[in-house]
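Given next are the chains, with one letter for each unit.
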Amino acid sequence: MFVSPQVLGTEISLLCMTGDNLEHIAIIMDGNGRWAQKRKLPRSAGHKKGAEVVKEIAKAAHEKGVKYLTLYAFSTENWNRPKDEVDTLMGLLRQYLKSDFSELHKNNIRIRFIGERECLDADIVQSMHRLEKETAQNTGMCLCLAISYGARGEIVQAAKKLASLVKKGDLSETDIDIQNFSAMLYTKDMPDPDILIRTSGEERLSNFLLWQIAYAELFFTKTLWPDFSADELSDIINQFSSRERRYGKV
Ligand code: FPP
């Protein structure tokens, strides 16, 4: 069978994308407020549009063969925003949990959540558990939403868990290592992100996956999250495939 170089090229690049060099993309979805402000709309309109983009990007990443997509939807520091904005974000989350995620479920996407659930309303936590259970057998991409998440808090609770194992005599202090520390994090059964993207032009990590992104390739784009597209995601994936990752070696 004749295979055109273009088709072959596409297949090769698809293999690169889905190969073991790219499994996990993490995104700091920033810029909803500025997107709304530019249009003289309330900030809530930016969050609403941002939530729609979550679905688009999840589907696009799934189609590209990405195995894990982790999105920073609400940080532990975001609780300090004005009450009406927090209420808007929690309202969007409720709506997502009730209906919008069912579309992703139909697409064989597994959904999970990381973060401090004890800070969330009981009905939201219940819906999270239900959705995680319902989608647990899906074999496609895992969409992981970081909600009420903060990396420093995550690291502190991991240290406390290890300290308690040592205190009980179940672990020796000298046996504490990177592997068993990682096993105490929310992300224990996920590979570390290969790519970290932050939208909106800000170039900082804002307490997101600080342990896990030790060797992630960082991409900062000026695009505001509500304008982020599947094409831009593809472009970043292509740039990633030409980066050399040395992990400290020569
Ligand atoms: C940062 O933009 C964005 C957030 C704090 C929330 C991100 C939330 C969404 C994309 C929608 C909700 C998602 C789900 C799954 C329900 P910003 O408000 O800090 O924007 P600004 O920096 O321009 O003010």
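Because the structure is predicted, anything quoted here is derived from the model rather than measured. (Residues numbered from 1 in each chain as written. Predicted model: local features only at pLDDT ≥ 70, side-chain atom pairs only at ≥ 80, totals over all residues. Heavy atoms only, no water.)

A. Structural context of the packing of helix α4 (residues 83-106) against helix α5 (residues 122-135). Running from amino to carboxyl end, α4 crosses α5 at an angle of 15°, the nearest separation of the two axes being 10 Å. With respect to α5, the element α4 is oriented roughly parallel. Here α4 and α5 pass one another in a crossing that is left-handed. Contacts from M90, L93, R94, L97, F101 and H105 in α4 reach D123, I124, S127, M128, R130, L131, E134 and T135 in α5. (Axes fitted to C-alpha atoms, helices over the stretch in contact; angles between N-to-C directions. Helix = DSSP H or I, 4+ residues; strand = E, 2+ residues; numbered from the N terminus. Parallel < 35°, antiparallel > 145°, perpendicular 65-115°, else oblique. Left-handed = near helix turned anticlockwise from the far one by under 90°. Contact = heavy atoms within 4.5 Å.)

B. Representation of the nonpolar core within the structure. Among the nonpolar cores identified, the biggest contains 45 residues, and I25, I27, L69, F101 and L143 are the most heavily contacted of them. Sort the elements by how many residues they give to this core and α4 lands first, with nine residues. If we ignore the near neighbours within four places in the chain, the residues touching I27 are I57, L69, T70, L71, Y72, I197, F208, W225 and F228. Of all hydrophobic cores here, the second largest spans 16 residues; its members include A26, L196, I213 and A216. (Core = buried A, V, L, I, M, F, W, Y, C linked by side-chain atoms within 4.5 Å. Buried < 20%, exposed > 50% of the residue type's maximum accessible area, 1.4 Å probe, protein only.)

C. How the structure looks around the site of the ligand. For the ligand, the set of nearby residues contains 18 residues, the closest of which are D30, G33, R34, R43 and R81. Within the backbone of G31, an N or O atom sits 3.3 Å from an oxygen atom of the ligand. A total of 630 Å² of accessible area belongs to the ligand in isolation, and the protein chains cover 91% of it. For the shell around the ligand, the secondary structure elements donating two or more residues are α2 (32-38), α3 (43-63) and α4. (Near = heavy atom within 4 Å. Polar contact = N/O pair within 3.5 Å; in protein donor to acceptor, adjacent residues only side chain to side chain. Areas by Shrake-Rupley, 256 points an atom, 1.4 Å probe, with all protein chains shown as cover.)

D. Quick look at the side chain of S75. Mapped onto the secondary structure, S75 falls in strand β2 (residues 68-75). The class for S75 is buried, based on a relative accessible area of 8%. With residues up to four places along the chain from it excluded, the contact list for S75 reads S148 and Y149.

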